[in-house]
Amino acid sequence: LVYRGEYMVNWSPALGTAVSDLEVNYVEEEGTLYYFKYMLADADDASGEGAYIPVATTRPETILGDTAVCVHPEDERFKHLVGKEVVVPMTGRKVRVIADDYVQMDFGTGALKITPAHDINDYAIGKRHDLPLINILNKDATINANGGKYADLDRYDARAQLWSDMDAAGLVLKTEKHTQRVPRSDRSGEVIEPLISTQWFIKMDGMAQKGLDAVRTGQTKILPERFEKVYFNWLENIQDWCVSRQLWWGHRIPVWYVEGVDAADLAPGKGAKDGAKARQTFFVARNEAEAREKAEAVYGEGVQLRQDEDVLDTWFSSGLWPFATVGWPADNEEAKAELNKFYPSAVMETGYDILFFWVARMMMLGLELTGEAPFHTIYLHGLVRDAQGQKMSKTKGNVVDPIETIEAMGTDALRLSLVTGVTPGQDVPLSLEKVQANRNFANKLWNTARFILIGLDDMPADAKKALAVTSAIDKDELSTMPLPERWVVSRCHALVDEVTSQLKSYDFGPAGQAIYAFLWDEYADWYIEISKRRIASGDVEAAQRSRRVLVYVLDTCLRLLHPYMPYITEELWQKLPHEGEALMISNWPQAEGDVLASDSQAEKQFESIQALVRSVRNARAEYRVEGFKKVAATVFADAALADAISAEADAVSTLGRIDPAEFKVVEAGQEASETAKAEAGNAVRLVVEDGLEALLPMAALVDAEKERARLTKQEKTLVAAIEKLETRLNSPGFADKAPAAVVAKAEGELREQQEQLLAVRDSLKALP
């Protein structure tokens, strides 16, 4: 499973370490293709192209490490040269011409220089043809002693100097611009060098298959499902994993080497205790003491040990996290109990950009080392972008600094903005305006709770404690409540159902938006306004019942909102009457399988009342009724709704700014309704919905004389403006010479003002 060997790795000269394939970004960049001569070693072999084979490369400095020139076995231009020798430019070394069907005859010159120590494809060809490996680079990307006179030069300086020398020697053919895929470090941005290095590797075949099987069989589900294809593609094409890194941070590789021992001299019984495994030159252990114990069992006391200087790849260490932090490897009963309790976990939530870096590796390591997948669901969210969906960049100036945002608007506002603005796997467009809106919501929530808490200040301790929510309001209790209370509790229970269902299906955004809308648009804007009248009415029973519902609904909503806004919800819940230590560990409002009480009739009737109030408010706004002025209203509704409106006449009057003394509710279709309509006289008719109408006497809506004066003045202004526009448009000089866009704009203004004039005159006619 784990082995150490000399293989091709991605080397980052700036970081001084090997990096994984996933930490290399291939960028399309314009470079140069260098064409040069590979001279034949024996002049008698000259034929076809002359005394040389033309070769092209994008990295001339690697010529110093060439160990062959490769052509296609069917290429008529070069097949007669296979097996001959050519001279490596500027070194004098002779290398063979080999044939391999990897070569594309129609690309470049059709002949490849082979540098097995510095190119992954050349490395594979070298393995097939048993070519030597010549490493020409130091760890800092300078040329080493194998580069001869170019030793100690930076790779790019060596490239320039070598090419100049080849040109002087008559070996240069030409150069041309060439677009190529350049491997750059994800961390440092520098060009990665393929390099032969001794590293630790993990074999991926078996582990990758287990990771594939876990998702394909449904043991683990990836959301959104489209990322399963990405996951499969990566695991199906994975290479052995280089897990050693040459960095100073990370878990140091737990391997100790025996110092001063030549592995070639170790034979059974020589330099070791009889019967011991004398050929073992390193020991794997949890610590040095354990390594020494193992080594001394082989070499005797006093053996010198040296720990491997490399560290483990960060993603390897991270991949162990799901089980290594909860008791694994469970070598005692206590650890075993801890592991069984916490592993496997349930849901892994992270960004889609580290599906390979981390998630797939947790899956493979978990399955390999514990036999179980670490989680049943992998939920992938998107990346945070700016309001226009662009990647945040200091250069663009569109970065939203989370620390500054939290200091200005609060952690909860930022959390809610991020979670409610996302669908699974889609990037999150974030603007400060959205965070500002959610800060306002947090303020609204705080003030709502503050209103309730002020009302509880004078209550006896026992009565206040009795308001703590310990279970859901059941159907029997709900049925005894007045209409607004039945409505808000039923709507609250519907919200619990909706949010619970959405969270189960990982629709976090819509769930958060639903809580926001209910708290602001229904609970605060409607029920709290109604409850104020109940509490101030002097009716002790009504006030107590209203406080019960206020606390119950807010407590329920705080539980629903807690995953989104943990800080403000915890703070407010602690101030409310409650049972339990913390909101974080309190019960969810709906137990598994429970059906919460609801009242669809109450919801429908109250929605009709809401529609009535909105219609009255719209009429007031349309007729510019001053805010302090109350209007008269006669409402016509079917029997059941009329009774409901009559029972809540105080609430309707308060919300609609209707004069209670001038507020009548009449059953539609009865003789009394016709009488009421006649008594209303000149009135504005509001058709609210089927079976619900209202009449607002015009005299109650406006001061007729004042309104007539205002409208008459507006009429004169519009008439003058229209005459001016008509004169301008009828002028031959304007119509013939003005740009078409200017004429069109003037015509549009004329039509708009003519429509306004008609509306003003209609309003004048409607005045009593």
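Preceding this paragraph is the structure being described.
Residues numbered from 1 in each chain as written. Predicted model: local features only at pLDDT ≥ 70, side-chain atom pairs only at ≥ 80, totals over all residues. Heavy atoms only, no water.

### Regarding the overall build of the chain
Piece 1. A tally of helices and strands in the chain yields 26 helices and 25 strands.
Piece 2. Over its C-alpha atoms the chain spans a radius of gyration of 41 Å, topping by over 25% the 27 Å that the globule rule assigns to 768 residues.
Piece 3. On the principal axes, the C-alpha backbone points of the chain span a range of 125 × 90 × 40 Å.
Piece 4. Counting across all 768 residues of the chain, residues that qualify as buried make up 46%.
Piece 5. For the chain, long-range pairs separated by at least 24 residues make up 73% of all intrachain contacts whose partners lie at least 6 apart in sequence.
Piece 6. Taken as a whole, the chain presents about 39,000 Å² of accessible surface, with 50% of it coming from carbon and sulfur. (Helix = DSSP H or I, 4+ residues; strand = E, 2+ residues; numbered from the N terminus. Rg over C-alpha atoms; globule rule 2.2 N^0.38 Å. Buried < 20%, exposed > 50% of the residue type's maximum accessible area, 1.4 Å probe, protein only. Contact = heavy atoms within 4.5 Å. Areas by Shrake-Rupley, 256 points an atom, 1.4 Å probe, with all protein chains shown as cover.)

### Quick word on the packing of aromatic side chains
Piece 1. According to the stated counting rule, one finds 25 aromatic pairs in the structure shown.
Piece 2. Between Phe 323 and Trp 328 the ring centres are 5.0 Å apart and the planes differ by 80 degrees, which places this aromatic pair in the edge-to-face class.
Piece 3. Three or more aromatic residues joined by ring pairs make a cluster, and in this case those are Tyr 34, Phe 36, Tyr 38 and Trp 163.
Piece 4. In this structure, Lys 174 packs its charged tip against the face of Tyr 35, placed 4.6 Å from the ring centre. (Phe/Tyr/Trp six-rings, centres within 6.5 Å; stacked < 30°, edge-to-face > 60°. Lys NZ or Arg CZ within 6 Å of the ring centre and 35° of its normal.)

### Observations concerning the sheet that holds strand S15 (residues 282-284)
Piece 1. Across the sheet, which stays open at both edges, the three strands sit in the order S15-S14-S16 with antiparallel pairing between neighbours. Both edges of this open sheet fall to S15 and strand S16 (305-307), since each of them pairs with a single strand only. Taking each pair of neighbouring strands and ignoring which way they run, the sheet shows an average axis angle of 30 degrees.
Piece 2. On top of the sheet, helix H5 (residues 288-299) reaches strand S14 (255-258), S15 and S16; it is set at about 135 degrees to S15, its chief contact. (Pairing = 2+ DSSP bridges. Axes fitted to C-alpha atoms, helices over the stretch in contact; angles between N-to-C directions.)

### Concerning the nonpolar core
Piece 1. Grouped together as the largest cluster of nonpolar side chains are 81 residues, with contacts concentrated most on Val 488, Val 489, Tyr 523, Val 553, Leu 612 and Ile 645.
Piece 2. When residues no more than four places from it in sequence are discounted, the contact partners of Ile 645 are Ile 609, Leu 612, Val 635, Ala 637, Val 652, Phe 663, Val 665 and Leu 692.
Piece 3. Ranked by size, the runner-up nonpolar core spans 46 residues in total, among them Trp 200, Ile 222, Leu 320 and Met 363. (Core = buried A, V, L, I, M, F, W, Y, C linked by side-chain atoms within 4.5 Å.)

### Section: the pairing of strand S4 (residues 52-57)
Looking down a regular strand, the side chains alternate between one sheet face and the other.
Piece 1. Taken across its six residues, S4 has six buried, putting it largely inside the fold.
Piece 2. Side chains Tyr 52, Pro 54 and Ala 56 of S4 all project onto a buried face; the interleaved residues Ile 53, Val 55 and Thr 57 project onto the opposite face, where all are buried too.
Piece 3. Sheet topology note: the strand S3 (residues 24-40)/S4 ladder contains six bridges and is antiparallel. If you follow Tyr 35 over to S4, its bridge partner there is Ala 56.

### Here we look at unusual backbone geometry
Piece 1. Note the cis peptide between Leu 223 and Pro 224, where omega equals -5 degrees.
Piece 2. Locating Pro 224 in the fold gives a position in the loop between strand S11 (221-223) and helix H4 (227-236).
Piece 3. The omega angle of the peptide bond from Tyr 343 to Pro 344 is 0 degrees, so this bond is cis rather than trans.
Piece 4. With respect to the element layout, Pro 344 can be found in the loop between helix H8 (333-342) and strand S18 (347-351).
Piece 5. The residue Ala 330 is not glycine, and still its phi comes out positive at about 55 degrees.
Piece 6. Counting through the fold element by element, Ala 330 comes out in the loop between helix H7 (321-324) and H8.
Piece 7. At Arg 657, a position not held by glycine, the phi torsion is positive, near 55 degrees.

### Points about the environment of Gly 147
Piece 1. Inspection of the secondary structure assignment puts Gly 147 in the loop between helix H1 (120-129) and helix H2 (155-168).
Piece 2. The class for Gly 147 is buried, based on a relative accessible area of 5%.
Piece 3. Separated by 14 residues in sequence, Gly 147 and Gln 161 have C-alpha atoms that sit 12 Å apart.

### As for the sheet that holds S18
Piece 1. Strand order in the open sheet made by the three strands is S11-S19-S18, with parallel pairing throughout. Of all strands in the sheet, those bounded by a partner on one side alone are S11 and S18. Pairs of neighbouring strands in the sheet enclose a mean axial angle of 20 degrees, with direction left out of account.
Piece 2. Sitting on the sheet, helix H9 (residues 355-370) touches S18 and strand S19 (377-381), and the angle it makes with S18 is about 165 degrees.

### Some words on the side chain of Thr 556
Piece 1. With respect to the helices and strands, Thr 556 occurs in helix H17 (residues 540-561).
Piece 2. Setting aside residues no more than four positions away along its own chain, Thr 556 makes contact with Cys 492, Val 496 and Pro 589.

### Some details on the pattern of salt bridges
Piece 1. Tallying each qualifying case throughout the model produces 36 salt bridges.
Piece 2. Its salt-bridge partner being Arg 184, residue Glu 29 comes within 2.6 Å of it at the nearest N-O pair. Here Arg 184 lies in strand S9 (residues 172-185) and Glu 29 lies in strand S3, a separation of 155 residues in the sequence.
Piece 3. You can call Glu 29 partly exposed: its relative accessible area is 23%.
Piece 4. Note on Arg 184: relative accessible area 25%, which makes it partly exposed.
Piece 5. Notably, a salt bridge pairs Glu 368 with Lys 210, separated by 2.9 Å at the nearest N-O pair. (Salt bridge = Lys/Arg side-chain N within 4 Å of Asp/Glu carboxyl O.)

### Focus on the pairing of strand S22 (residues 631-637)
Piece 1. When you tally the buried positions in S22, you get seven out of seven residues, the bulk of the element.
Piece 2. Side-chain alternation along S22 places Val 631, Ala 633, Val 635 and Ala 637 on one buried face and Ala 632, Thr 634 and Phe 636 on a second face that is also buried.
Piece 3. Relative to strand S23 (residues 658-667), S22 runs parallel, the two being bridged by six bridges. Pairing of Ala 637 across the sheet is with Glu 667, part of S23.
Piece 4. In this structure, S22 lies alongside strand S25 (residues 692-697), joined through four bridges in antiparallel fashion. Bridge pairing in S25 places Phe 636 opposite Glu 693.

### Side note on the side chain of Arg 547
Piece 1. Of note, Arg 547 is situated in helix H17.
Piece 2. Despite its burial, Arg 547 pairs with no opposite charge; the closest candidate is Asp 458, at 7.3 Å N-O.
Piece 3. In this structure, Arg 547 is in contact with Gly 455, Leu 456, Met 459, Leu 467 and Ile 535, ignoring residues within four places of it in sequence. (Lys, Arg positive; Asp, Glu negative; His and termini not counted.)

### Concerning helix H21 (residues 649-656)
Piece 1. All of the buried residues in H21 are Ala 651, Val 652, Ser 653, Leu 655 and Gly 656.
Piece 2. Residues of H21 that are buried make contact with helix H16 (508-536), helix H19 (600-622), helix H20 (639-647) and S23.
Piece 3. Phi for Arg 657, located one or two positions after H21, is positive at around 55 degrees.

### So, H1
Piece 1. Those residues of H1 that fall on the buried side of the exposure criterion are Asp 122, Tyr 123, Ile 125 and Gly 126. The buried residues of H1 occupy an angular sector of 165 degrees when the element is viewed end-on, so they sit on one face. Within H1, the exposed residues directed more than 90 degrees away from the buried face are Lys 127 and Arg 128.
Piece 2. In this structure, the buried side of H1 is in contact with strand S1 (2-12), strand S7 (94-99), strand S8 (111-114) and strand S10 (193-202).
Piece 3. The N-cap of H1, judged by a side-chain oxygen 2.9 Å from the amide nitrogen of Asn 121 a few residues on, is Asp 119.
Piece 4. Positive backbone phi, approximately 55 degrees, marks Asp 130, located one or two places after H1. (Arc of directions from axis to C-beta. Polar contact = N/O pair within 3.5 Å; in protein donor to acceptor, adjacent residues only side chain to side chain.)

### Side note on the packing of helix H3 (residues 205-216) against H9
Axes are the key here: two packed helices are described by the angle between their axes and the distance separating the axes.
Piece 1. At their nearest, the axes of H3 and H9 sit 8 Å apart, and the two run at 100 degrees to each other. Taken together, the axes of H3 and H9 lie roughly perpendicular to each other. On H9, the residues touching Met 207, Ala 208, Lys 210, Gly 211, Ala 214 and Val 215 of H3 are Met 363, Met 364, Leu 365, Leu 367 and Glu 368.
Piece 2. Of the residues contributing to the contact of H3 with H9, the split by class is eight nonpolar, one polar and two charged. (Parallel < 35°, antiparallel > 145°, perpendicular 65-115°, else oblique. Nonpolar A, V, L, I, M, F, W, Y, C, P; charged D, E, K, R; others polar.)

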